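# Examination of the molecular architecture
Letter by letter, the chains look like this.
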Amino acid sequence: MAEVSTGGGGGSTGPWSAPREYAWIARMWVRSSLAYPMSFWMLTVSSALITLLDFVGLALMFHTVPALGGFDLREVALLYGASGIGIGVGDLVIGSVEQIGMHVRTGTLDSMLTRPVPLLVQVCADRFAIRRLGRITQALAVFGYGAWWVDWTPAKVGLAGVMLLASCLIFFSFFVAFSCIQFWTLDSTEFANAFTYGGNTMTQYPMTIFPREVLAGLTFLVPVAFVNWYPCLYLLDRPDPFGMPSWFAVLSPVVAALTLTVAGLAWRAGVRHYTSTGS
């Protein structure tokens, strides 16, 4: 098979070209989904309700136990909301990258490579689903409930903003990096989901319910603990139960930069490995 060019894309250049191209493709899919408004609103509302029931189940647990791992419902809501916002924005903006294996199998990746738009932009914007805003809305509401009880200071406000941005970027990198394995295995979306949605599930709860070894893995191997755990400890004025340094609270943007770098390298390696399906 002849190897396909890995060119990240051509066309217009400049720092804003990729966002413009992404927005153009996303708008096309939004117009398509709004062509059936009843279906759109039903899917959006049902998505929000389904994710809301997830937190309702967690809240019901506190009717029988006063605390979970030493954290009450308001504190867990802060953790839950911060992680939910990150995975929600990641799923909305870049979640379609999980379908890279399908593009490889069907040969649509070949046609994408011939277009003057960066390949990653095309893959991430493909089938953009604005109905996923329902999940983000639910996470924002839960985070707002948890944030209501925080003793806010200017430093905490700044850290909360950085935490939410870093949360989104870390999940962005997870979506891309772990989806890239599909360049070699084609059908491994569940493997990627174990780190993206699985990471979100683990960070919805206090790390104190896990053994110390699990926290170490979520800090140094797959650093999902920086999505919300360490910053939220600072917001809640809590010392780290595992004795980790307090300055871990401000490392989220550094971790986000590192994971984005790894994701970029994984993407380049995967595209370079790709050869045409011949179809």
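For the structure itself, consult the block above.
Rules behind the numbers
Residues numbered from 1 in each chain as written. Predicted model: local features only at pLDDT ≥ 70, side-chain atom pairs only at ≥ 80, totals over all residues. Heavy atoms only, no water. Disulfide = S-S within 2.5 Å. Core = buried A, V, L, I, M, F, W, Y, C linked by side-chain atoms within 4.5 Å. Buried < 20%, exposed > 50% of the residue type's maximum accessible area, 1.4 Å probe, protein only. Contact = heavy atoms within 4.5 Å. Axes fitted to C-alpha atoms, helices over the stretch in contact; angles between N-to-C directions. Helix = DSSP H or I, 4+ residues; strand = E, 2+ residues; numbered from the N terminus. Parallel < 35°, antiparallel > 145°, perpendicular 65-115°, else oblique. Left-handed = near helix turned anticlockwise from the far one by under 90°. Phe/Tyr/Trp six-rings, centres within 6.5 Å; stacked < 30°, edge-to-face > 60°. Lys NZ or Arg CZ within 6 Å of the ring centre and 35° of its normal. Salt bridge = Lys/Arg side-chain N within 4 Å of Asp/Glu carboxyl O. Expected span 1.5 Å × (residues − 1). Polar contact = N/O pair within 3.5 Å; in protein donor to acceptor, adjacent residues only side chain to side chain.

## Points about the state of the cysteines
Scanning the model with the defined rule gives zero disulfides in all. Cys168 supplies the cysteine sulfur nearest to Cys232, a cysteine that is in no disulfide, at a spacing of 13 Å.

## Describing the nonpolar core
Within the largest apolar cluster, 80 residues are counted, with the highest numbers of intra-cluster contacts made by Leu109, Phe183, Trp229, Tyr230 and Trp267. Other than its neighbours up to four places away in sequence, Leu109 contacts Ile100, His103, Val104, Leu119, Val123, Phe183 and Tyr274.

## What about the packing of helix 3 (residues 73–94) against helix 8 (residues 154–179)?
Two quantities define a packed helix pair, namely the angle between the axes and the distance from one axis to the other. Contact pair helix 3 / helix 8: the axes reach a minimum separation of 8 Å and the direction vectors enclose 50 degrees. It follows from the interaxial angle that helix 3 and helix 8 lie oblique. The two elements helix 3 and helix 8 meet at a crossing, and its hand is right-handed. Taking contact as the criterion, the partners of Ala82, Ser83, Ile85, Gly86, Ile87, Val89, Gly90, Asp91, Val93 and Ile94 in helix 3 are, on helix 8, Met163, Leu164, Ser167, Cys168, Phe171, Phe172, Phe175 and Val176.

## Considering the environment of Gly81
Examined against the element boundaries, Gly81 turns out to sit in helix 3. Along the backbone, Gly81 and Leu140 are 59 residues apart, and their C-alpha atoms lie at a distance of 6.1 Å.

## Topic: the packing of aromatic side chains
Across all of its chains, the model carries 16 aromatic pairs by this definition. Judged by centre distance (5.5 Å) and plane angle (50 degrees), the rings of Phe71 and Trp229 are tilted. Here the residue Phe71 occupies a position in the loop between helix 2 (37–61) and helix 3, and Trp229 occupies one in helix 13 (residues 229–235), the gap between them amounting to 158 residues. According to the relative accessible area criterion, Phe71 is buried, its value standing at 1%. A residue is classified by how much of its surface remains accessible, and Trp229, at 1% relative accessible area, is buried. Members of the aromatic cluster, joined through ring pairs, are Phe171, Phe174, Phe178, Phe191 and Phe195. The ring of Trp149 has Arg74 lying over it, and the distance from NZ or CZ to the ring centre is 4.6 Å.

## Structural notes on unusual backbone geometry
Its identity is not glycine, yet Arg127 carries a phi of approximately 55 degrees, on the positive side. Structurally, Arg127 can be placed in the loop between helix 6 (119–125) and helix 7 (133–147). The exposure class of Arg127 is exposed, given its relative accessible area of 53%.

## Concerning the packing of helix 2 against helix 3
Contact geometry of helix 2 with helix 3 gives a least axis separation of 11 Å together with a crossing angle of 150 degrees. The orientation of helix 2 relative to helix 3 falls into the category roughly antiparallel. By crossing handedness, the relation of helix 2 to helix 3 is classed as right-handed. When helix 2 is examined against helix 3, the residues Thr51, Asp54, Phe55, Leu58 and Ala59 are found in contact with a partner set consisting of Leu73, Val76, Ala77 and Tyr80.

## Brief notes about the side chain of Gln204
As for its position among the elements, Gln204 is in the loop between helix 11 (197–203) and helix 12 (212–221). On the basis of relative accessible area, Gln204 is assigned to the buried category, the value being 6%. Discounting residues that sit within four places of it in the chain, Gln204 has contacts with Asp54, Val76, Leu79 and Tyr80.

## Thoughts on the pattern of salt bridges
Under the defined criterion, the tally for this structure stands at four salt bridges. Here Arg132 ties to Asp91 by a salt bridge, and the two come within 3.8 Å at their closest N and O atoms. Here the residue Arg132 occupies a position in the loop between helix 6 and helix 7, and Asp91 occupies one in helix 3, the gap between them amounting to 41 residues. Accessibility assignment for this pair places Arg132 and Asp91 in one class, buried.

## Description of helix 3
Along its 22 residues, helix 3 runs 31 Å from first to last C-alpha, staying within 8% of the 32 Å computed at 1.5 Å per residue. Judged by how many residues are buried, helix 3 sits mostly within the fold: 19 of 22 residues are covered. For helix 3, the N-terminal cap is Asp72; the gap from its side-chain oxygen to the backbone nitrogen of Arg74 is 3.1 Å.

## A few points about the side chain of Ser179
Mapped onto the fold, Ser179 is located in helix 8. Given a relative accessible area of 1%, Ser179 falls into the buried group. Aside from chain neighbours lying at most four places away, what touches Ser179 is Val97, Glu98, Ile100, Phe174 and Ala192.

## Details of the environment of Gly86
If you trace the backbone, Gly86 turns up in helix 3. Judged by its relative accessible area of 0%, Gly86 is buried. Placed 84 residues apart in sequence, Gly86 and Ile170 show a C-alpha to C-alpha distance of 7.9 Å.

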